[in-house]
Amino acid sequence: MHESWKPVLQAEFEQPYFKELSDFLHAAYESKTIYPPKQQVFSAFTTDLNNVKVVIIGQDPYHGPGQAHGLAFSVRDGIQQPPSLQNIFKEIHAETGAPIPSSGNLQRWAEQGVLLLNNVLTVEAHLAGSHRGKGWETFTEHIIKYLNEHCDHLVFLLWGRDARSKKAMIDTKKHLVLESAHPSPLSAYNGFFGNNHFIKCNEQLEKWGLTPIKW
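In this report, we go over the structure that sits alongside the text.

Calculation rules
- Residues numbered from 1 in each chain as written.
- Predicted model: local features only at pLDDT ≥ 70, side-chain atom pairs only at ≥ 80, totals over all residues.
- Heavy atoms only, no water.
- Pairing = 2+ DSSP bridges.
- Helix = DSSP H or I, 4+ residues; strand = E, 2+ residues; numbered from the N terminus.
- Axes fitted to C-alpha atoms, helices over the stretch in contact; angles between N-to-C directions.
- Salt bridge = Lys/Arg side-chain N within 4 Å of Asp/Glu carboxyl O.
- Buried < 20%, exposed > 50% of the residue type's maximum accessible area, 1.4 Å probe, protein only.
- Disulfide = S-S within 2.5 Å.
- Core = buried A, V, L, I, M, F, W, Y, C linked by side-chain atoms within 4.5 Å.
- Contact = heavy atoms within 4.5 Å.

1. Some words on the sheet that holds strand β6 (residues 176–180)
Strand order in the open sheet formed by four strands is β3-β2-β5-β6, and the pairing between neighbours is parallel. Lying at the two open borders of the sheet, with one neighbouring strand each, are β3 (114–118) and β6. Adjacent strand axes in the sheet meet at a mean angle of 20 degrees, parallel and antiparallel pairs treated alike. Note: strand β2 (residues 54–58) against β3, five bridges, orientation parallel. Residue pairing for β3: I57 is matched across the bridge by L117.

The following block contains the structure:
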């Protein structure tokens, strides 16, 4: 993780709920196949806290082999793009005309100040949602509350029910919140496609005098 996050995360690591979560994860990684790899669980926090401009909140990591690497919606180079990510790229193409990239690795977004934060940071192989209710939600909510309080001029992209539930934690006088359906094939046609979030995000960043994201 980036040095800027260490004081914030250390405060969470010392909380009783996180110690229980750590015990659960230690046992899980020892006995089962868990994604992402242990050393990549906190990869979202390689984005410099002082440079965060956009926050995208996912659900839990991809649960197939080789997919999850700690950034919400992202897969490593050489891994087939999951349907949700394909739909994200389709929407960017529709909005901006940008070509659909061959790689689904969103590290390039993270380096521009996009925090790609899942609501739950780990998952058991082939079992979506298997690590819900273990403490990650508390961790994520504390991160969102910290960002809301200590940062100015953030754009939050909230896609789907889980992400949209975080809106109550965000001061919409300080930050821009954009909501829509999730990019999953099950819901993308119910409001994700055509949401124009990527254009709206960049327009707001420019109004604040910030550099837009190269999606």
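Further notes follow.
2. Let's talk about the pattern of salt bridges
Summed over all chains, the structure comprises seven salt bridges. Residue E3 pairs with K6 through a salt bridge whose shortest N-O separation is 3.0 Å. On the basis of relative accessible area, K6 is assigned to the partly exposed category, the value being 38%. Put simply, D152 and K174 hold a salt bridge, and the shortest N to O gap is 3.8 Å. Of this pair, D152 sits in the loop between α5 (136–150) and β5 (155–159) while K174 sits in the loop between α6 (161–164) and β6, placing them 22 residues apart in sequence. Where salt bridges share partners, they join R164, K167 and E179 into one cluster.

3. Considerations on unusual backbone geometry
Across the junction of Y35 and P36, the peptide omega takes the value -5 degrees, indicating a cis bond. Inspection of the secondary structure assignment puts P36 in the loop between β1 (34–35) and β2. Even without being glycine, F73 reaches a positive phi, approximately 70 degrees. Along the chain, the position of F73 falls in the loop between β2 and α3 (83–96). What makes F73 buried here is its relative accessible area of 8%. If you check the backbone angles, H153 has positive phi at about 60 degrees while not being a glycine. Assignment of secondary structure puts H153 in the loop between α5 and β5.

4. Observations regarding the pairing of β2
The buried fraction of β2 is high, at five of five residues. Burial along β2 is two-sided: the residues V54, I56 and G58 and V55 and I57 are all buried.

5. Structural notes on the state of the cysteines
Working definition: the covalent bond between the sulfur atoms of two cysteines is a disulfide. Here the structure, examined in full by the defined rule, presents zero disulfides. C151 takes part in no disulfide bond, and the closest cysteine sulfur to it belongs to C201, at a distance of 15 Å. The exposure class of C201 is buried, given its relative accessible area of 0%.

6. Here we look at the nonpolar core
Grouped together as the largest cluster of nonpolar side chains are 61 residues, with contacts concentrated most on W5, V54, I56, W109 and W215. Take this core: its biggest share by element is six residues, from helix α2 (residues 16–31).

7. What about the environment of I88?
Topologically, I88 is positioned in helix α3. Using a relative accessible area of 0% as the deciding quantity, one classes I88 as buried. I88 sits 100 residues away from A188 along the chain, and the two C-alpha atoms are 9.2 Å apart. If we ignore the near neighbours within four places in the chain, the residues touching I88 are F73, W109, W159, P183, F192 and F198.

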